[in-house]
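# Breakdown of the fold
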Number of protein chains: 2
Amino acid sequence: MFAPTSLTLSGERFRVRYALTGDETEARSKAEALCLEQTVELPAELLPDDDVRGQIVGQIETLKVLPEGRCDVVISYAVETVGAELPQLLNVLFGNSSLKPGIRVMSLDLPEGLLRQFPGPRFGQAGWRSLLDAPERPLLCTALKPMGSSPRRLADLAYQLATGGIDMIKDDHGLANQPFCPYHERVARCAEAVARANSETGLNCVYMPHVSAPAEKIVERALFAKQAGAGALLIAPGLVGFDVMRQLAADDRIALPIMYHPALHGTYVTRPDQGISHAVLFGQLPRLAGADATIYPNYGGRFAFSKEECRQIVEAAAAPMGGFQPIFPVVAGGMTLERVPELLDFYGHDVIFLIGGDLYRHSPDLVENCRYFRSILD
Amino acid sequence: MFAPTSLTLSGERFRVRYALTGDETEARSKAEALCLEQTVELPAELLPDDDVRGQIVGQIETLKVLPEGRCDVVISYAVETVGAELPQLLNVLFGNSSLKPGIRVMSLDLPEGLLRQFPGPRFGQAGWRSLLDAPERPLLCTALKPMGSSPRRLADLAYQLATGGIDMIKDDHGLANQPFCPYHERVARCAEAVARANSETGLNCVYMPHVSAPAEKIVERALFAKQAGAGALLIAPGLVGFDVMRQLAADDRIALPIMYHPALHGTYVTRPDQGISHAVLFGQLPRLAGADATIYPNYGGRFAFSKEECRQIVEAAAAPMGGFQPIFPVVAGGMTLERVPELLDFYGHDVIFLIGGDLYRHSPDLVENCRYFRSILD
């Protein structure tokens with residue numbers, strides 16, 4: 001049935017920590033199934049040879065019983081199973097096992113050799129700070145809203161926001177290429193408006209268009225943004241795939257900082273006993289795929305993340321990871337101006353505050369609202 | 001603050017049915033938040049004008065109290081919010097609200113005008129049947145395994161499987177472009193082996209390579225597959241994004257049937273009170289994006305889908321949906337040969353049985369195992 005084959009791998013492996021529900025016996029059985037499911041997809045007794053069994057099948061490195069009926073299991077996989085491709089890394093990490101309940105990816109430990117196959121953040125925290133001439137303070141971000149506005153109205157808002165001292169003005173992630181607000185016209189007008197404001201203020205505000213788009217159009221839109229003078233890009237890998245972000249980050253023609261948006265990714269984190277941890281989904285994976293900043297909903301806003309989950313994202317955004325630079329956490333999701341002092345205590349200065357609605361609400365004068373926001377941080 | 005703008009939309013809307021946890025009061029409050037979150041991302045009182053409020057914000061069409069502390073809510077959105085782009089359709093459907101607990105997308109109702117913006121299945125059930133010269137019977141599919149095998153070994157297996165009468169031989173979805181099994185060599189060898197078997201048997205077996213790949217390489221790999229003689233393509237939108245499948249389905253140079261693989265998508269369905277329903281994720285969305293067949297784990301296998309969930313997928317794969325053809329459900333995930341008669345009762349004849357491990361296990365003679373499998377169905 002199986003022709004002979006020989007396999008000699010490097011022996012280098014990467015490690016994935018999973019939380020599995022169940023007592024030790026159940027968790028061990030789940031872990032053994034994971035080792036097969038994520039690689040050979042055959043029962044162990046049907047494997048054709050020892051090379052596959054010994055080198056390809058995942059290996060349980062440690063298994064620890066946790067309180068509350070869970071176990072912590074570390075499984076290692078040969079780096080060659082990934083073939084240096086990000087979609088396949090995601091596949092080995094959690095592909096088929098996402099279909100089984102009671103399994104959560106908690107953290108990734110990738111060796112340097114594997115990390116070097118991916119671009120990582122081109123700018124990182126230091127790159128943003130240099131671009132914005134803001135060596136130390138927290139950064140200010142807001143969004144152009146609401147969907148339904150014309151490019152002219154959004155450009156007018158962008159001008160006011162840039163005049164008031166906002167660092168980064170992003171498209172709301174609901175702005176795509178709608179007939180009432182076509183991508184190219186919006187980007188050209190908003191980039192021009194921000195450049196005009198910068199020439200008046202002497203500041204370095206950056207306009208960040210949203211480039212989640214049909215597959216064959218994403219690179220074109222990013223290149224158009226660059227040429228129009230946009231200073232960064234916003235993309236939602238939940239809508240278009242993580243590897244597209246990797247592609248944009250690696251493209252020397254684009255060479256703009258990239259911000260990750262979590263749209264459609266929420267389901268992976270919302271239950272503690274399944275999916276992917278906050279640290280991996282919003283920290284490690286965006287960073288691996290080349291994000292320079294990662295948006296997530298802050299604790300105490302209109303979403304349900306806890307303080308501890310936010311802390312884990314921040315740690316993953318800056319923890320040692322090969323030669324990758326730390327990236328910025330972008331604190332969002334119903335943020336208010338009055339919470340900024342409390343959040344400075346929690347986050348320190350290496351953070352981007354993304355305030356949307358509350359910036360429009362504070363007073364009828366948007367420029368003044370921005371100046372007020374900026375004054376809290378300066 | 002907001003410059004004047006005017007907006008005149010067509011009035012055509014699409015409908016999304018959500019299940020929301022909570023009693024009527026809580027569900028209504030969640031539904032109102034959804035209407036804003038998925039569109040304007042501003043509180044209602046901050047909206048700048050009636051055009052946006054009346055035409056862009058989602059509208060609650062119906063709200064019904066269900067047993068067990070849930071409500072069924074239908075929300076409609078203007079078709080223009082999508083801008084005829086699939087990533088943005090996903091975004092309006094569930095983008096930010098995926099980050100909130102207690103919300104599940106249950107079904108989509110898209111008007112014909114919006115459906116016509118997407119290719120839909122190029123082949124559908126009828127196309128597969130014509131290609132395989134199998135007008136009525138259930139179809140047989142299996143996978144080349146295990147990861148770690150060389151292209152030569154996999155081609156040898158493909159030859160045996162095709163000789164035995166399998167209709168479709170797919171790459172295991174763990175086969176990517178690993179150094180021990182590079183994509184191009186594998187595809188060339190396996191396509192040749194299947195063609196050779198077909199020339200001997202007179203059958204029409206199809207080889208189906210897995211084309212989930214780095215973003216800039218997917219189309220090239222699909223074109224290579226076509227040119228090498230592969231008869232269909234396998235892709236996992238959870239790894240590379242749904243829109244890539246739409247791109248492949250729409251490309252006249254490729255023009256091959258496409259099979260959807262659920263890798264990494266499982267988390268969306270595993271909890272009944274969150275995520276996306278089985279019918280939408282494995283039925284409506286793949287079909288909208290151009291899949292001709294959709295793989296999912298069958299009830300009673302090594303995954304945890306129920307009989308009712310499987311029934312819903314089958315219905316969504318064939319229910320009226322604009323001019324889209326019905327697509328095949330592909331019953332997989334620990335399927336065994338002995339269950340085929342039972343499953344024929346449940347699924348009828350319009351189904352693809354994907355049997356992996358059990359086909360290798362049945363006896364040491366793989367060709368005979370395939371003939372046995374085929375004999376059950378003929």
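This write-up is about the structure you can find in this document.

Rules used throughout
- Residues numbered from 1 in each chain as written.
- Chains lettered and ligands numbered in written order.
- Predicted model: local features only at pLDDT ≥ 70, side-chain atom pairs only at ≥ 80, totals over all residues.
- Heavy atoms only, no water.
- Helix = DSSP H or I, 4+ residues; strand = E, 2+ residues; numbered from the N terminus.
- Rg over C-alpha atoms; globule rule 2.2 N^0.38 Å.
- Buried < 20%, exposed > 50% of the residue type's maximum accessible area, 1.4 Å probe, protein only.
- Contact = heavy atoms within 4.5 Å.
- Areas by Shrake-Rupley, 256 points an atom, 1.4 Å probe, with all protein chains shown as cover.
- Lys, Arg positive; Asp, Glu negative; His and termini not counted.
- Charge placed at Lys NZ, Arg CZ, Asp CG, Glu CD.
- Buried area = accessible area lost by both parts, 1.4 Å probe.
- Salt bridge = Lys/Arg side-chain N within 4 Å of Asp/Glu carboxyl O.
- Polar contact = N/O pair within 3.5 Å; in protein donor to acceptor, adjacent residues only side chain to side chain.
- Pairing = 2+ DSSP bridges.
- Axes fitted to C-alpha atoms, helices over the stretch in contact; angles between N-to-C directions.
- Disulfide = S-S within 2.5 Å.
- Parallel < 35°, antiparallel > 145°, perpendicular 65-115°, else oblique.
- Left-handed = near helix turned anticlockwise from the far one by under 90°.
- Nonpolar A, V, L, I, M, F, W, Y, C, P; charged D, E, K, R; others polar.
- Phe/Tyr/Trp six-rings, centres within 6.5 Å; stacked < 30°, edge-to-face > 60°.
- Lys NZ or Arg CZ within 6 Å of the ring centre and 35° of its normal.
- Least-squares fit on C-alpha atoms with pLDDT ≥ 70 in both.

## A word on the overall build of chain A
- Looking only at helices and strands, chain A features 15 helices and 13 strands.
- In terms of overall dimensions, chain A is globule-like: its C-alpha atoms have a radius of gyration of 22 Å, near the 21 Å expected for 378 residues.
- Based on the C-alpha atoms only, the size of chain A along its principal axes is roughly 70 × 45 × 35 Å.
- Out of the 378 residues in chain A, the part that is buried amounts to 65%.
- Considering only contacts in chain A between residues 6 or more positions apart, those separated by 24 or more positions represent 74%.
- Only carbon and sulfur atoms are counted for the fraction: they give 50% of the accessible area of chain A, which is about 12,200 Å².
- Distance between charge centroids for chain A: 5 Å, based on 35 positive and 45 negative side chains.

## Examining the interface of chain B and chain A
- With 93 residues of chain B at the interface, the matching set in chain A holds 94 residues.
- Summed over both partners, the interface of chain B with chain A buries about 8,000 Å², with 58% contributed by carbon and sulfur atoms.
- Of all residues in chain B, the largest losses of buried area upon contact with chain A belong to Met1(B), Leu99(B) and Arg153(B), amounting jointly to 11% of the total for that side.
- Inspection of the chain B/chain A interface yields eleven salt bridges.
- Between Glu37(A) and Arg302(B) there is a salt bridge, and its shortest N-O distance comes to 2.7 Å.
- Along the contact surface separating chain B from chain A lie 45 residue pairs in polar contact (both at pLDDT 80 or more).
- Every element with two or more residues in the side of chain B that touches chain A is listed here: helix H2 (50-56), helix H3 (86-94), helix H6 (151-163), helix H9 (237-240), helix H10 (242-250), helix H14 (357-361) and helix H15 (366-377) of chain B.
- Among the elements that take part in the side of chain B that touches chain A, H3(B) stands out by supplying five residues, more than any other.

## Quick look at the sheet that holds strand S10 (residues 275-276) of chain A
Residues and elements named next belong to chain A.
- Taking strand neighbours across the sheet as the criterion, the five strands line up as S2-S3-S1-S4-S10 in an open arrangement whose pairing is mixed. The two strands at the open ends of the sheet, each matched to only one other strand, are strand S2 (59-66) and S10.
- Bridging between strand S1 (residues 13-21) and strand S4 (residues 103-109) involves six bridges; their strand directions are antiparallel. Counterpart to Arg-15 in the pairing with S4 is Asp-109.
- Along the sheet, helix H1 (residues 24-37) makes contact with S1, S2, strand S3 (70-78) and S4, crossing S2 at roughly 155°.
- Those strands touched by helix H3 (residues 86-94) are S1, S3, S4 and S10, and its axis lies near 40° from that of S1.

## Quick word on the state of the cysteines
- The full count for this structure, using the stated rule, is zero disulfides over all chains.
- Left unpaired, Cys71(A) is separated from the closest cysteine sulfur, that of Cys35(A), by 14 Å.
- In this structure Cys205(B) is a free cysteine whose sulfur lies 9.1 Å from that of Cys370(B), the closest cysteine sulfur available.
- Residue classification places Cys205(B) among the buried residues on the basis of a relative accessible area of 6%.

## Overview of the sheet that holds strand S11 (residues 293-297) of chain B
Residue and element names in this part refer to chain B.
- Taken together, eight strands build an open sheet; the order of strands is S7-S6-S5-S13-S12-S11-S9-S8 and the sheet is parallel. Strands at the two margins of the open sheet, each flanked by one partner only, are strand S7 (206-208) and strand S8 (233-235). When strand polarity is set aside, the average angle formed by the axes of neighbouring strands in this sheet is 25°.
- Pairing geometry for strand S5 (residues 139-144) and strand S6 (residues 168-171), over four bridges, is parallel.

## Quick look at the side chain of Gln247(B)
- Along the chain, Gln247(B) turns up in helix H10.
- The class of Gln247(B) is buried, set by a relative accessible area of 18%.
- Residues within four places of Gln247(B) in sequence aside, it is in contact with Ala215(A), Glu216(A) and Val219(B).

## Topic: the packing of helix H7 (residues 183-201) of chain A against helix H8 (residues 218-228) of chain A
All names here are of chain A.
- Across the interface, H7 lies against H8 with an axial gap of 9 Å and an inter-helix angle of 25°. Relative to H8, H7 is oriented roughly parallel. Handedness of the H7/H8 crossing: right-handed. Contact with H7, carried on its side by Tyr-183, His-184, Val-187, Ala-188 and Ala-191, involves Glu-220, Arg-221, Ala-222, Phe-224, Ala-225 and Ala-228 of H8 and no other residues of that element.
- Split by residue class, the contact of H7 with H8 holds eight nonpolar, one polar and two charged.

## A closer look at the packing of aromatic side chains
- Scanning all chains against the criterion turns up 17 aromatic pairs over all chains.
- Between the aromatic rings of Phe14(B) and Tyr77(B), the centroid separation amounts to 5.5 Å while the plane-to-plane angle is 35°, which identifies the pairing as tilted. Within this pair, whereas Phe14(B) is found in strand S1 (residues 13-21), its partner Tyr77(B) is found in strand S3 (residues 70-78), the two being separated by 63 residues in sequence.
- Residue classification places Tyr77(B) among the buried positions, given a relative accessible area of 0%.
- An aromatic cluster of three or more residues is present, and its members are Phe242(A), Tyr260(A), Phe282(A) and Phe305(A).
- Above the face of the Tyr183(A) ring, Arg221(A) is positioned so that its terminal group lies 5.2 Å from the ring centre.

## A look at the environment of Tyr207(A)
Residues and elements named next belong to chain A.
- Looking at the secondary structure, you find Tyr-207 in strand S7 (residues 206-208).
- Sequence separation of Tyr-207 and Cys-141 is 66 residues, and the distance between their C-alpha atoms is 9.9 Å.
- Excluding residues within four positions of it along the chain, Tyr-207 makes contact with Leu-144, Ile-169, Asp-171, Arg-186, Val-187, Cys-190, Ala-191, Val-194, Ala-230, Gly-231 and Ala-232.
- In this structure the side chain of Tyr-207 is engaged in a polar contact, spanning 2.8 Å, whose partner is the side chain of Asp-171.

## Some thoughts on the relation of the copies chain B and chain A
- With an RMSD of 0.0 Å, chain B superimposes on chain A once it is rotated by 180° and translated 0.0 Å along the axis. Interpreted geometrically, this transformation is the action of a two-fold axis. Rotation axis and chain B: the residue whose C-alpha lies nearest the axis is Gly241(B), separated from it by 2.3 Å.
- Same-surface contact between copies: 100% of interface residues of chain B are shared with the interface of chain A.

## Looking at helix H10 (residues 242-250) of chain A
Residue and element names in this part refer to chain A.
- Of all nine residues in H10, eight are buried; the element is thus mostly enclosed.
- Within the sequence span of H10, burial applies to Phe-242, Asp-243, Val-244, Met-245, Arg-246, Gln-247, Leu-248 and Ala-249.
- For H10, the secondary structure elements touched by its buried residues are H3, H8, strand S8 (233-235), helix H9 (237-240), strand S9 (258-260) and helix H11 (278-288).

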